[in-house]
Amino acid sequence: MSYGDKFAGSLRPLPGPSPRYDRTKMTRTRSLATGFLSLSAAAVLALTSAGGATAAPAKDKANPSVTSTVVDAAGVADYWTADRMQSAIPGDVLAGKALERGNRSNAGLVEKGKKSEVKATKGKPTIAQSEAPVKHIGKVFFTLAGSNYVCSGNAVTSANESTVSTAGHCLNEGPGAFATNFAFVPAYENGAEPYGKWTAKSLHAPTQWSANGDMAYDTGFAVMNTLNGQTLTDVVGGSGVAFNEARGLTYKSFGYPAASPFNGQTLKSCTGTATNDPNNPQFETQGIPCDMTGGSSGGPWFIGTSSAGVQNSVNSYGYNRSAVMYGPYWGSVIQQTYASAAAS
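What you are looking at is a predicted structure, and each value in this text was computed from that prediction instead of being measured.

> Would you take a moment to explain unusual backbone geometry for this structure?
Trans is the common state for peptide bonds, and a negative phi is the common state for residues other than glycine. At the junction of Gly 174 and Pro 175, the peptide bond is cis and its omega measures out at -5 degrees in the coordinates. Within the secondary structure, Pro 175 is located in the loop between β10 (163–166) and β11 (180–186). That bond from Ser 260 to Pro 261 is cis: its omega, 10 degrees, falls within 30 degrees of zero. Its location among the elements puts Pro 261 in the loop between β15 (250–255) and β16 (267–273).

And the structure:
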């Protein structure tokens, strides 16, 4: 049986919350694709009325391990002017804030015997490689707690043809509020928006992230509105997704690092074999060699060595003085979060 035949089946509905690791079952969707963390000196912008209201977050009745909210898209596309996009703060700083609010404190983040915040790696920019734009990978813009932020994201295959993956901290404070003014700009490059700005209609996160800021679940999914009468993946395509995979696979990750020495204007990538986080094994995350900085949060990890692979994680966090990017293990809870978004 070929690799493609083995994993071409669609996702089966899950009966309820499952353990984070369920290696007896591997699930993928077919790929339709073709072809940290330090805060930069960006201005904090005042909010306008655009997209300022969200419905009260609610647990998914079918999947109680998922929390979601409906967001107001009115005026969001106009809100994200070129100046606002350029001045948006790299969203990775929110990962550290989530740790401070949640059950896992910064005291647990220890590297080589020293206290260390989750923030940008300081390695020389020799690992991340420049890439041509990929249609389904783009930049994510959003507002949280009165500030505008930028992350990365990826369009994935789904029943609604409108689902984008990103980091949990790029759409929910963890624990705390969901974002407003959420927009996805696929194939962004040097200010160009070849496929337009897509606004969100709902945001979905694991309850372990939205309630506790648990780094093990730092993934979220946004469902986008149609644009000019078309759905997102009809226009840009989408990546298949995989859950409950073996550990230690080879990945290629993508993102738009915006903190120095990068400027967030072009797509970058890193490739490597995943290894467990030795500093905080309780996160059960994996890392690959990568010196991408803030703004790359939420960018996709593909199994293999190209953007045509299936997605199996996102850029989540890194440690000071260590050129390694870590991503959450995509187990059954994150699978349920994807299923909730894809069916909405």
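After that view, the rundown keeps rolling.
> What is the right way to read the state of the cysteines from this model?
Working definition of a disulfide: a covalent bond connecting the sulfur atoms of two cysteines. Scanning the entire structure with this criterion turns up two disulfides. Note that Cys 151 is cross-linked by a disulfide to Cys 170, the S-S spacing being 2.1 Å. As the torsion about the S-S bond is roughly -75 degrees, the Cys 151-Cys 170 disulfide counts as left-handed. Here Cys 151 is found in strand β9 (residues 147–156), whereas its partner Cys 170 is found in the loop between β10 and β11, with 19 residues between them in sequence. A sulfur-sulfur distance of 2.1 Å marks the disulfide that ties Cys 270 to Cys 290. Note on the Cys 270 and Cys 290 pair: the S-S dihedral is about 65 degrees, so by sign convention the disulfide is right-handed. Taken together, the residues Cys 270 in strand β16 and Cys 290 in the loop between β18 (286–289) and β19 (300–303) connect sequence positions 20 residues apart. Given a relative accessible area of 1%, Cys 270 falls into the buried group. Residue Cys 290 is classed as buried on the basis of its relative accessible area, which comes to 0%. In the protein, the bonded cysteines, taken in the order they occur along the sequence, pair up as 1-2, 3-4.

> In this structure, what is going on with the pattern of salt bridges? I would like to understand it.
A side chain with one charge can pair with a side chain of the opposite charge if their charged atoms come near. Summed over the entire model, instances satisfying the criterion amount to two salt bridges. In this structure, Lys 252 engages Glu 131 in a salt bridge whose closest nitrogen and oxygen atoms are separated by 3.1 Å. With a gap of 121 residues between them, Lys 252 in strand β15 and Glu 131 in strand β7 (residues 129–131) connect regions that are remote in the sequence. Here Glu 193 ties to Lys 197 by a salt bridge, and the two come within 3.4 Å at their closest N and O atoms. Using a relative accessible area of 28% as the deciding quantity, one classes Glu 193 as partly exposed.

> Would you mind showing me how to read the sheet that holds strand β22 (residues 322–327) here?
One key point about sheets: their strands pair by backbone hydrogen bonds, in either a parallel or an antiparallel sense. The strand order across the open sheet formed by four strands is β17-β18-β22-β21, and the pairing between neighbours is antiparallel. The open sheet terminates on both sides in strands that have one partner only, identified here as β17 (275–276) and β21 (317–319). Looking at chain direction, β21 and β22 are connected through two bridges and run antiparallel. Paired with Tyr 317 across the two strands is Tyr 326, which belongs to β22.

Conventions adopted
- Residues numbered from 1 in each chain as written.
- Predicted model: local features only at pLDDT ≥ 70, side-chain atom pairs only at ≥ 80, totals over all residues.
- Heavy atoms only, no water.
- Helix = DSSP H or I, 4+ residues; strand = E, 2+ residues; numbered from the N terminus.
- Disulfide = S-S within 2.5 Å.
- Buried < 20%, exposed > 50% of the residue type's maximum accessible area, 1.4 Å probe, protein only.
- Salt bridge = Lys/Arg side-chain N within 4 Å of Asp/Glu carboxyl O.
- Pairing = 2+ DSSP bridges.

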